Amino acid sequence: MNQHTPAASPFRQPKAVWAVAFACVVSFMGIGLVDPILPALSTKLHASPSQVSLLFTSYLLVTAVAMLITNMVSSRIGPKRTLIAGLVIIVVFAGLAGTSDSIGGIVGFRAGWGLGNALFIATSLAVIVASASGGFGGAIILYETALGVGIAVGPLLGGTLGGISWRGPFYGVSVLMFIALLATIFLVPKTPKPAERTSVAAPLAALRHRGLLIMSLTAVLYNWGFFTMLGYAPYPMHLNEHKLGLVFTGWGLLVAIFSVAVAPRLQRRFGTAKTLYANLFLLGVVMTVIAAFTDSPATVIVAVIVCGAFIGINNTLTTQAVMTVAPVPRPVASASYGFVRFIGGGLAPFVAGKLADHYNIHVPFYLGAATFVLAIFVLATGHRILTDAENAAAGAGESEPTGEIIAVGRIGAANGNRPVVVAVDAGQSAPAVLAAAAERAAELHAPLELLHVHEIAVVGDEAVDRETYEQARTRVETLLAELATRGVAASGHVLRSVADHGNAGSLIARHARAVDAQLVAIGGSSHGGVAHLLDGSASERIVAESGCEVLVVPPVTLAG
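The rules behind each value
- Residues numbered from 1 in each chain as written.
- Predicted model: local features only at pLDDT ≥ 70, side-chain atom pairs only at ≥ 80, totals over all residues.
- Heavy atoms only, no water.
- Helix = DSSP H or I, 4+ residues; strand = E, 2+ residues; numbered from the N terminus.
- Buried < 20%, exposed > 50% of the residue type's maximum accessible area, 1.4 Å probe, protein only.
- Areas by Shrake-Rupley, 256 points an atom, 1.4 Å probe, with all protein chains shown as cover.
- Pairing = 2+ DSSP bridges.
- Patch = residues over 30% accessible without salt bridge, like charges linked within 9 Å, V, L, I, M, F, W, Y side chains within 5 Å.
- Salt bridge = Lys/Arg side-chain N within 4 Å of Asp/Glu carboxyl O.
- Contact = heavy atoms within 4.5 Å.
- Core = buried A, V, L, I, M, F, W, Y, C linked by side-chain atoms within 4.5 Å.
- Bend = angle between axes of the 7 residues up to and from the residue.
- Polar contact = N/O pair within 3.5 Å; in protein donor to acceptor, adjacent residues only side chain to side chain.
- Axes fitted to C-alpha atoms, helices over the stretch in contact; angles between N-to-C directions.
- Parallel < 35°, antiparallel > 145°, perpendicular 65-115°, else oblique.
- Left-handed = near helix turned anticlockwise from the far one by under 90°.
- Nonpolar A, V, L, I, M, F, W, Y, C, P; charged D, E, K, R; others polar.
- Expected span 1.5 Å × (residues − 1).
- Phe/Tyr/Trp six-rings, centres within 6.5 Å; stacked < 30°, edge-to-face > 60°.
- Lys NZ or Arg CZ within 6 Å of the ring centre and 35° of its normal.

Draft legend 1. Quick peek at the overall build of the protein chain. The number of helices and strands found in the protein chain is 23 helices and 7 strands. Per-residue burial over the protein chain gives 59% buried out of 560 residues. Summed over its atoms, the accessible surface of the protein chain is roughly 21,100 Å², and 64% of this surface lies on carbon and sulfur atoms.

So this is what it looks like as structure tokens:
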């Protein structure tokens, strides 16, 4: 193997990427931002907790319905214009919410905010991926960082501004998003429209697929419990705005850490289905503790913070499962899933308030615990679909890597020698890696096994791919044609991976063992430090699991 080379930082990005990443941070602040001021709104606007809970209901229900049109809008006006439209709407309605003197007015303006948020979240990750330098992995790491910072800092900022005035968090979001809007307008280059337009009916039609429907219904139940906790737990804590901000900052830190760093490792170790079963059960246990001890603020505080770990895991793995089982394009699957799951999140706080008004404060949390447990049984009805999609080995102690390898074509005749496997993706490094592999194959008189990695990355509860499957397949055909001009015998495949880069590495290693490869050629990781840990370390996985020599073409060579 080659010696280690200096690692390129994923945080060295164009200004356009930083503009969108900043907007992402503010957007991710959105939900946790209002939690510290919920009791204050109830007191100062003379509203009941059930009335205040409508801030979540209006926001999430509008977001749910808007998910049906976001892809249609983006496919017609382009991602940048969709992003700008979402930011403008958020700036206007967040500012208007701060000027309102009634809970009804704030609820209405939060609905408009939800429309803007839907347009923004539908395109922000794709714009970062399209604009980022340093490859797909660097873009994903940057988005993961924005996710973590936003979720963790949102409640802290909400508590700080809310301590000055309950209007502060609304004005704060409006000002910050206005800055992000200006940066997006002037720094983000125009993005091309998708080749194909998406219809409004596509997300609803996709729900006819049983696997996608089961995962979406599971998410409805999960979100019901989640937003019951988020929208109603601040009341029994009996804390001021600053202290509530600190509690939900602790919660947000665990959400971010377990979503980005822990969930992928649990998935690889136990499989998506088993991890989700255990995680939903533990969420039910924590929610039951909250329900039983609502008279103990300390117990509720600790339980809410701990809950953040399980929510982080669930957000990532549920989204990953949706992308695994959905037989439709990723944007359509994401819209279908978002539409259904946000309905559960929107209704839960409102129902929680009504139950507390009519019975007592324990009842909403017991119902939330029941929905977490019920989600296990709904998910179990699709167990076979999910495990088949993951290619899990029957009776195996560990799950197989998630994805599939699809044959595209072959050129030349195999000579009976053990092949050289070369793995490339849609990045700029592909020609250098392929050239190095072809050179070694010629030295070894071996045919080439070309794997083009078509990867779907899951970050929190969002997913993105850098190309369509059709584009990946066309890329393989183009590379095979180039190899044919060199007289190299080769077979080409598309490797579809849903998870982190380490998962793709395991799939490559498994294929190398299956074809009895004598060498695997790959591009080296360009990330170091914490970024390297979050990246999943595909090259290390291949070295450990392929059972043959590994040629790592270093980043310095790729750049030159």
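We are not done yet, so read on.
Draft legend 2. Main features of the pairing of strand 6 (residues 519–523). The buried fraction of strand 6 is high, at 4 of 5 residues. Sheet topology note: the strand 2 (residues 420–424)/strand 6 ladder contains 3 bridges and is parallel. Looking at strand 6, one finds that Val422 is bridged to Ala521. Pairing of strand 6 with strand 7 (residues 549–553), which is carried by 5 bridges, proceeds in the parallel orientation. When the bridges of strand 7 are listed, Leu519 appears paired with Glu549.

Draft legend 3. Structural detail: a nonpolar patch on the surface. Taken together, Phe178, Leu182, Ile185, Phe186 and Leu187 make up a surface patch of nonpolar side chains, about 470 Å² in accessible area. Its relative accessible area of 35% is what places Leu182 among the partly exposed residues.

Draft legend 4. Molecular detail of the environment of Val200. Tracing the chain through its elements places Val200 in the loop between helix 8 (168–187) and helix 9 (201–206). Val200 gets classed as partly exposed once you look at its relative accessible area, which sits at 38%. Not counting chain neighbours up to four residues away, the residues in contact with Val200 comprise Leu68, Ile69 and Met72.

Draft legend 5. Summary view of the nonpolar core. Of all hydrophobic cores here, the largest spans 120 residues; its most connected members are Phe170, Met177, Met229, Met237, Trp251, Val304 and Ile311. For this core, the element with the most residues is helix 14 (residues 297–325), which contributes 13 residues. Within the second largest apolar cluster, 27 residues are counted, among which are Ile411, Val420, Leu450 and Val488.

Draft legend 6. Summary view of the environment of Val285. Relative to the helices and strands, Val285 is located in helix 13 (residues 272–292). When its relative accessible area of 38% is taken as the criterion, Val285 is described as partly exposed. In this structure the C-alpha to C-alpha distance between Val285 and Ala369, which are 84 residues apart in sequence, comes to 7.0 Å.

Draft legend 7. Region of interest: unusual backbone geometry. Although it is not a glycine, His445 sits at a positive phi angle of roughly 55°. Position of His445 among the secondary structure elements: in the loop between helix 18 (430–444) and strand 3 (448–459). Here His445 falls in the exposed class, since its relative accessible area comes to 56%. A positive phi is found at Asp516, a non-glycine position, where the angle reads about 55°. Mapping Asp516 onto the fold places it in the loop between helix 20 (501–514) and strand 6.

Draft legend 8. Structural view of helix 12 (residues 241–270). At Val262, helix 12 shows its maximal bend, which comes to roughly 45°, and the proline Pro264 appears one to four places after that position. The N-terminus of helix 12 is capped by Asn240, whose side-chain oxygen sits 3.2 Å from the backbone nitrogen of His242. Gly271 lies just past helix 12 and shows a positive phi near 90°.

Draft legend 9. Spatial organisation of the packing of helix 18 against helix 19 (residues 469–485). It is the contact of helix 18 with helix 19, at a shortest axis distance of 12 Å, that shows an interaxial angle of 45°. Judged by the inter-axis angle, helix 18 sits oblique to helix 19. For the element pair helix 18 and helix 19, the recorded crossing hand is right-handed. Counting all contacts with helix 18, which are made through Ala430, Pro431, Leu434 and Ala438, the residues of helix 19 involved are Arg475, Leu479 and Leu483. Here the residues of the contact of helix 18 with helix 19 are counted per class, giving 6 nonpolar, no polar and 1 charged.

Draft legend 10. Local environment of helix 6 (residues 103–131). In a regular helix each residue adds 1.5 Å, so 29 residues correspond to 42 Å; helix 6 covers 40 Å between its end C-alpha atoms and thus fits that length. Largest kink in helix 6: about 30°, centred on Thr123. Most of helix 6 sits inside the fold, with 22 of its 29 residues counted as buried.

Draft legend 11. The packing of aromatic side chains, seen in detail. The final tally for this structure, using the stated rule, is 12 aromatic pairs. Their ring planes at 75° and their centres at 6.2 Å tell us that Trp113 and Phe170 sit as a pair that is edge-to-face. Remark: Phe170 occurs in helix 8 and Trp113 occurs in helix 6; sequence separation between them is 57 residues. Judged by centre distance (5.2 Å) and plane angle (50°), the ring pair of Tyr232 and Tyr235 falls under tilted. Like Tyr235, Tyr232 is buried. Joined through ring pairs, the aromatic side chains of Phe56, Tyr222, Phe226, Phe227, Phe248, Trp251 and Phe372 make up one cluster. Above the face of the Trp113 ring, Arg110 is positioned so that its terminal group lies 4.8 Å from the ring centre.

Draft legend 12. Summary view of the pattern of salt bridges. Overall, the coordinates contain 5 salt bridges when judged by the stated rule. A salt bridge links Arg418 to Asp516, with the shortest nitrogen-to-oxygen separation between them at 3.6 Å. Pair noted here: Arg418 is in the loop between strand 1 (403–411) and strand 2 and Asp516 is in the loop between helix 20 and strand 6, with a separation of 98 residues, a long-range link. Arg473 is the partner of Glu477 in a salt bridge, and the nearest nitrogen-oxygen pair spans 4.0 Å. Taken together, the positions of Glu477 and Arg473, both in helix 19 and 4 residues apart, correspond to about one turn of that helix. In this structure Arg473 comes out as partly exposed when scored by relative accessible area, which is 27%.

Draft legend 13. Region of the structure containing the packing of helix 12 against helix 13. It is the contact of helix 12 with helix 13, at a shortest axis distance of 7 Å, that shows an interaxial angle of 120°. Note on element contacts: helix 13 touches helix 12 through Thr272, Lys274 and Thr275, opposite Leu266, Gln267 and Phe270. Considered class by class, the residues forming the contact of helix 12 with helix 13 number 2 nonpolar, 3 polar and 1 charged.

Draft legend 14. Structural view of the side chain of Thr218. Looking at the element boundaries, Thr218 is found in helix 10 (residues 210–232). Using a relative accessible area of 4% as the deciding quantity, one classes Thr218 as buried. Reaching out from Thr218, the side chain makes a polar contact with the backbone oxygen of Ile214 at a distance of 2.9 Å. When sequence neighbours within four positions are dropped, the list of residues in contact with Thr218 reads Leu280, Ala375, Val378 and Leu379.

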